Amino acid sequence: MTPNEPEKGGQTAAEPVQYLESDAGREPAEGTALCLSGGGYRAMLFHTGALWRLNELGCLPRLNRVSSVSGGSITAGLLALKWNALDFQNGTAANFADEIVAPIRRLAARTIDVSSVLTGTLWFGTIGDKIAQSYRDHLYGDATLQDIVDEVPGVSPRFVINATNVQSGALWRFMKPYMRDYRVGEVKNPTIDLAVAVAASSAFPPVLSPVELDLDPQDFTPGSGLDLEGDEFRTQIVLTDGGVYDNLGLETAWKRYKTILISDAGGGFAADADPHRDWVRHSVRVLLTIDNQVRSLRKRQAVQAFIDKVRQGTYWTIAADAAADYKIGTPLACPFERTDELARIDTRLKKLDAATQERLINWGYAVADLGIRQYVDPAAAPPNAFPYPETKV
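Enquirer: Talk me through the overall build of the chain; I want residue IDs and the actual numbers.
Expert: The number of helices and strands found in the chain is 12 helices and 12 strands. For the chain, contacts bridging at least 24 residues in sequence account for 74% of all contacts bridging at least 6. With the model as given, the accessible surface of the chain reaches about 16700 Å², and the carbon-plus-sulfur share is 51%.

Structure representation (C-alpha cells):
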C-alpha cells in the first residue's frame, strides 16, 4: 500500500482525515491551503500574526483555500469579509494592519464569553445567540456569507468555516457557494449571518455550545446528502465547535490540495495533580484532554505525510521551541520560556491586555516565518523586526 492509498476502513498512517468512498483514488490538486486551528482569543491573535507574515511574503493571494475552526474562524471570517478592502500590490496588502489587525485587537480587548453565558442562561435567547451578537457588534456587523470574497484562483481563496453537526457527527461547512454536511446535504448560496457561522465554529462545549440553525428543508439541494436527508435532520441543525471534529481545520483542505500550511494555536496541555471535580470544570478538563490527544494524532500524521512527501507544506505551532525546532535561525528573539507562557493562555474569549495581544501576534508572525522559510520558501528573506518590536514575545 502506498502512503497515499486509503485503507479499506478509510484511513492510513499518512492521512489524518477520513476518506469518503467518493474520495478514494482522487489525487489532490495543485494548489495551497491554509488551515487555522482553534484556541479562543489565543488562536485568534496568534493566527493574525501568522497571516501578517504571510501577507508580507506575498502568500495570501496565492492561497486556494483557507479552512478554519473555532478561534481560527474568528480571524478567517474577518479576512474573508475584508479581503476586497485590502490594497494588494505585488501580493502584499499595505493596509493589512488597519483592516485586519486593528479590529481583531479591539475584539480581544473585550470579554464576551462570561456575559454571553450569563445572559444566555438567565435571559431570552441562547448562549450561542449572545456570542453571535457579540461578533456582530464588534467585528462583522450584519454581513452574511454572501458578503465574503468570491473564490478567484490567483486572486482570492475560498474560505471554509467549519463547525460540527452534533446530529450527524460530521463537519458542517459554511462557504459562500454553499453550506453542507455530506450526510445531510447542502444549501446553495446561504444567507446565514457570518457572525452566526463563526459562533457555531467557536461554540466550545459544554459552555458555549450549541448554536442552532432553523432551516427550511426545501432549501436543500435534492439528493445532495448521503443518508440523513429527512426533514428531522434538515429543519433544525444543532452545531458545536468545529474543533470537536477537526481541531486543525484539515478535513476540507487535505483531500483537495497538495500544499498544506498548518497554523496550530493549540495550547500546551499541562498535567494537573488535583483536577477540578465539579461537573463544568471537570467536563472542560476532559474535553481538553480529548482535544489534546486528537490534535496530537492529526499533527503526527500530517508531519509524517510531509516527511513521506505525500503532501508538501509546513506545520507551525504556538507550542514550538524556535531555537530547538528550526535550523535556519531568525533575527527575532523567541526564548522558549516566553513563548511557552503564551501557549498556556486559557482557551477563552476573555479580554487580553495590550502587551499579551502584541506578544501573541509577534509569536505567530515569527514562527510562521520560520515554518515558511525552512520548509516552503528557503529563498525568502527573514524579517527585520517583530510587528511590535518593543514588546517582543
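Enquirer: Can you tell me about a negative patch on the surface, naming the residues and giving the values?
Expert: There is a patch of like negative charges on the surface, built from Asp216, Asp219, Asp231 and Glu232. Positionally, aspartate 219 belongs in the loop between strand S9 (211–214) and helix H7 (231–234). Taking the relative accessible area as the measure of exposure, aspartate 219 reaches 49% and is therefore partly exposed.

Enquirer: Break down the pattern of salt bridges for me, citing the residues and quoting the values.
Expert: Per the stated rule, a full pass over the model turns up 16 salt bridges. Between arginine 180 and glutamate 186 there is a salt bridge, with the nearest N and O atoms lying 3.9 Å from each other. The exposure class assigned to arginine 180 is buried, which follows from its relative accessible area of 16%. For glutamate 341, the salt bridge goes to arginine 359, with nearest N and O atoms at 3.0 Å. In this pair, glutamate 341 is assigned in helix H11 (residues 336–343) and arginine 359 in helix H12 (residues 354–375), connecting sequence segments 18 residues apart.

Enquirer: Break down the nonpolar core for me, with residues and values.
Expert: Residues Tyr135, Phe174, Trp316 and Trp363 are the most contacted members of the largest nonpolar core, which totals 90 residues. Dropping the residues within four chain positions of it, tryptophan 316 is found in contact with Leu34, Phe46, Ala50, Leu54, Leu261, Ile262, Ser263, Asp264, Tyr326, Val367, Ala368 and Ile372. The next biggest cluster of nonpolar side chains, apart from the first, holds 14 residues, and it includes Ala33, Ile260, Ala302 and Tyr315.

Enquirer: Give a description of unusual backbone geometry that names residues and reports values.
Expert: Positive phi outside glycine occurs at serine 70, with the angle close to 50°. Summarising the element assignment, serine 70 is placed in the loop between strand S2 (65–69) and helix H2 (71–82). You can call serine 70 buried: its relative accessible area is 8%. The phi torsion at asparagine 189 lies on the positive side, around 50°, for a residue other than glycine.

Enquirer: How would you summarise the pairing of strand S5 (residues 158–165) if you had to cite specific residues and measurements?
Expert: S5 sits mainly inside the fold: eight of its eight residues count as buried. On S5, burial covers both faces: Arg158, Val160, Asn162 and Thr164 on one face and Phe159, Ile161, Ala163 and Asn165 on the other are all buried. Of the strand pairs in this sheet, S2 and S5 are connected by five bridges, and their pairing is parallel. Following the sheet pairing, arginine 65 is matched in S5 by arginine 158. Relative to strand S6 (residues 170–174), S5 runs antiparallel, the two sharing five bridges.

Enquirer: Lay out the packing of helix H1 (residues 40–56) against H2 in plain terms, naming residues and giving numbers.
Expert: For any two helices packed against each other, the geometry comes down to the angle between their axes and how far apart the axes lie. Interhelical geometry of H1 versus H2 gives an angle of 45° and a closest axis separation of 6 Å. Judged by the angle between their axes, H1 and H2 are oblique. Seen from above, H1 lies across H2 with right-handed handedness. Of H2, the residues touching H1 (which contributes Gly40, Ala43, Met44, His47, Thr48 and Leu51) are Gly71, Gly72, Ile74, Thr75 and Leu79. Split into classes, the residues belonging to the contact of H1 with H2 amount to five nonpolar, six polar and no charged.

Enquirer: Which residues make up H2, and what are the values?
Expert: Taking 1.5 Å of rise per residue, 12 residues should cover 16 Å, and H2 covers 18 Å from first to last C-alpha, within 8% of that figure. The element H2 is largely enclosed, with a buried count of 10 among its 12 residues. Within the span of H2, buried status applies to Gly71, Gly72, Ser73, Ile74, Thr75, Ala76, Gly77, Leu78, Leu79 and Ala80.

Enquirer: Report on the confidence of the model for the chain, specifying residues and quantitative values.
Expert: Residue-level pLDDT values for the chain average 89, and 87% of them are 70 or greater. Per-residue pLDDT stays below 50 along residues 1–24; that stretch engages in 51 contacts with residues further than four places along the chain or on separate chains.

Enquirer: Outline the packing of H1 against helix H3 (residues 96–108), listing residues and values.
Expert: The geometry of H1 relative to H3 is characterised by a closest axis approach of 10 Å and an angle of 170° between their N-to-C directions. Between H1 and H3, the crossing angle belongs to the class labelled roughly antiparallel. Across the interface between the two elements, Tyr41, Met44, Leu45, Thr48, Leu51, Trp52 and Asn55 of H1 pack against Phe96, Ala97, Val101, Ile104, Arg105, Leu107 and Ala108 of H3. Along the lines of polarity and charge, the residues of the contact of H1 with H3 split into 11 nonpolar, two polar and one charged.

Enquirer: Tell me about the pairing of strand S11 (residues 257–264), and name the residues and values.
Expert: Burial analysis of S11 places seven of its eight residues in the buried class, the great majority of the element. By the bridge criterion, six bridges tie S11 to strand S12 (residues 312–317) in an arrangement that is parallel. Along S12, the bridge assignment pairs leucine 261 with threonine 314.

Calculation criteria
Position numbers for residues start from 1 in each chain and track the written sequence from start to end. This being a predicted model, a pLDDT of at least 70 is required before a residue's local features are given, and a value of 80 or more before pairs of side-chain atoms are given or counted; all residues contribute to the totals for chains, interfaces and linings. Values reported for side chains reflect all heavy atoms of the structure, with hydrogen atoms and water molecules removed beforehand. Each helix corresponds to a stretch of at least 4 residues labelled H or I by DSSP, and each strand to a stretch of at least 2 residues labelled E; elements are numbered beginning at the N terminus. We call two residues in contact whenever any of their non-hydrogen atoms come within 4.5 Å of each other. All accessible areas in this document rest on Shrake-Rupley with a 1.4 Å probe, and a residue is counted as covered only by the protein chains that are shown. Patch criteria: residues need more than 30% relative accessible area and no salt bridge. Like-charged residues are merged within 9 Å; nonpolar side chains of Val, Leu, Ile, Met, Phe, Trp and Tyr are merged within 5 Å. Here a salt bridge means any side-chain nitrogen of Lys or Arg lying within 4 Å of a carboxyl oxygen belonging to Asp or Glu. Residues scored as positive are Lys and Arg, those scored as negative are Asp and Glu, and His as well as the terminal groups of each chain are ignored. Lys charges are placed at NZ, Arg charges at CZ, Asp charges at CG and Glu charges at CD. Buried means the residue's accessible area, taken with a 1.4 Å probe over protein chains only, is under 20% of the maximum for its type, while exposed means over 50%, and partly exposed covers the values in between. Take the buried Ala, Val, Leu, Ile, Met, Phe, Trp, Tyr and Cys residues and link them wherever side-chain atoms come within 4.5 Å; each set so joined is a nonpolar core. Paired strands, as defined in this entry, are two strands with at least two bridges between them according to DSSP. With axes taken as lines fitted to C-alpha atoms, and helix axes fitted only over the stretch in contact, angles between N-to-C directions fall between 0 and 180 degrees. Note that the term roughly parallel is reserved for angles under 35 degrees, roughly antiparallel for angles over 145, roughly perpendicular for angles of 65 to 115, and oblique for everything else. By definition, turning the near helix anticlockwise from the far helix through less than a right angle yields a left-handed crossing, and turning it clockwise yields a right-handed one. Classes in brief: Ala, Val, Leu, Ile, Met, Phe, Trp, Tyr, Cys and Pro nonpolar; Asp, Glu, Lys and Arg charged; the others, Gly included, polar. Each helix should span, by expectation, one fewer than its residue count multiplied by 1.5 Å. Every residue carries a pLDDT, the predictor's confidence in it, which falls somewhere between 0 and 100.

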